[in-house]
Amino acid sequence: MNNLILQAQEAQACRACDLAKSRRQAVFGSGPSDARLMVIGEAPGRHEDEGGAPFIGRSGQVLVRLLEEELGLGRDDVYIANAVKCRPPENRTPTKQEIVACGPRLAAQIAALGPRVLLCVGATAQRAVIGDASPMREAHGQIFETRCGAKAVVTYHPAAALRGGSRIVDLMRQDLHVVRALLSTAS
Ligand code: URA
């Protein structure tokens, strides 16, 4: 069976942290298994916990619009997942323990996909994927090498764009130009 399908099934049975007690379902990820771009967010929110797919709420609308406008890629062209696969209660930020507990699952997912570029949206993904904790104002738009061989770019979480308005959206657009350049050069 396809490795990703198997991993998604395993995620549904996962009890590695207490989020398993309050989640409706694990939200493993969605998109084509041959996607060149993998987008990694923080964790599912209420809509995602109910619907079973990542970024299907308001943040997702912003993200998908920007991917389309800046990269010409639709939701079905990219693989979208989260650093933490289960919804934290009240949408709080995942704890360090929760991020660590989900780490092997994320690493296996990235390895199975083998994307060219990882787009980390928000500080949780930045820490989980790159192990970098520098402030977003410094990290965004930079290119990081990762152990899996893909290049990673950090940008703001779309929830920050919903709060911070056009200034954050403009920064996200600039960061996506870095992704676009990487996708066009990556063989
Ligand atoms: N925020 C995230 O980080 N991920 C989602 O899937 C939805 C909102």
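For the structure itself, consult the block above.
Now for a look at the structure at hand. (Residues numbered from 1 in each chain as written. Predicted model: local features only at pLDDT ≥ 70, side-chain atom pairs only at ≥ 80, totals over all residues. Heavy atoms only, no water.)

So, the state of the cysteines
Inference 1: Within the structure shown, the criterion is met by zero disulfides.
Inference 2: The thiol of Cys120 is unpaired, and the distance to the nearest cysteine sulfur, on Cys148, comes to 9.8 Å.
Inference 3: With a relative accessible area of 0%, Cys120 lands in the buried category. (Disulfide = S-S within 2.5 Å. Buried < 20%, exposed > 50% of the residue type's maximum accessible area, 1.4 Å probe, protein only.)

Some points on the pairing of strand 5 (residues 151-155)
Inference 1: Burial within strand 5 is extensive, with four of its five residues counted as buried.
Inference 2: For strand 3 (residues 117-121) and strand 5, the ladder comprises five bridges, and the chain directions are parallel. In the sheet register, Leu119 faces strand 5, and the bridge partner there is Val153.
Inference 3: As judged from the three bridges shared by strand 4 (residues 143-145) and strand 5, these two strands associate in the antiparallel manner. Bridge pairing in strand 5 places Ile143 opposite Val153.
Inference 4: Taken together, strand 4 and the strand that follows it, strand 5, pair antiparallel across an intervening segment of five residues, in which Gly149 is found at a positive phi of about 100°. (Helix = DSSP H or I, 4+ residues; strand = E, 2+ residues; numbered from the N terminus. Pairing = 2+ DSSP bridges.)

Focus on the site of the ligand
Inference 1: Every residue close to the ligand is listed here: Gly41, Glu42, Ala43, Glu48, Pro54, Phe55, Asn82 and His157.
Inference 2: Interatomic distance of 2.7 Å between a side-chain N/O atom of Asn82 and a nitrogen atom of the ligand.
Inference 3: Between His157 and the ligand, the recorded distance is 2.8 Å, taken from a side-chain N or O atom to an oxygen atom.
Inference 4: When grouped by side-chain class, the residues that make up the shell around the ligand number three nonpolar, three polar and two charged. (Near = heavy atom within 4 Å. Polar contact = N/O pair within 3.5 Å; in protein donor to acceptor, adjacent residues only side chain to side chain. Nonpolar A, V, L, I, M, F, W, Y, C, P; charged D, E, K, R; others polar.)

With respect to helix 6 (residues 123-130)
Inference 1: For helix 6, the complete set of buried residues consists of Thr124, Ala125, Gln126 and Val129.
Inference 2: Among the residues trailing helix 6, Gly131 stands out with phi positive, at a value near 70°.

Observations concerning the packing of helix 4 (residues 58-71) against helix 9 (residues 166-185)
Inference 1: Their axes nearest at 10 Å, the elements helix 4 and helix 9 cross at an angle of 50°. In terms of orientation, helix 4 and helix 9 fall into the oblique class. Pair helix 4 / helix 9 crosses with right-handed handedness. Contacts between helix 4 and helix 9 involve Arg65, Leu66, Leu67, Glu69, Glu70 and Leu71 from the former and Val169, Met172, Arg173, Leu176, His177, Val179 and Arg180 from the latter.
Inference 2: Its residues placed into classes, the contact of helix 4 with helix 9 shows seven nonpolar, one polar and five charged. (Axes fitted to C-alpha atoms, helices over the stretch in contact; angles between N-to-C directions. Parallel < 35°, antiparallel > 145°, perpendicular 65-115°, else oblique. Left-handed = near helix turned anticlockwise from the far one by under 90°. Contact = heavy atoms within 4.5 Å.)

Shape is all these values report; function is a separate question.
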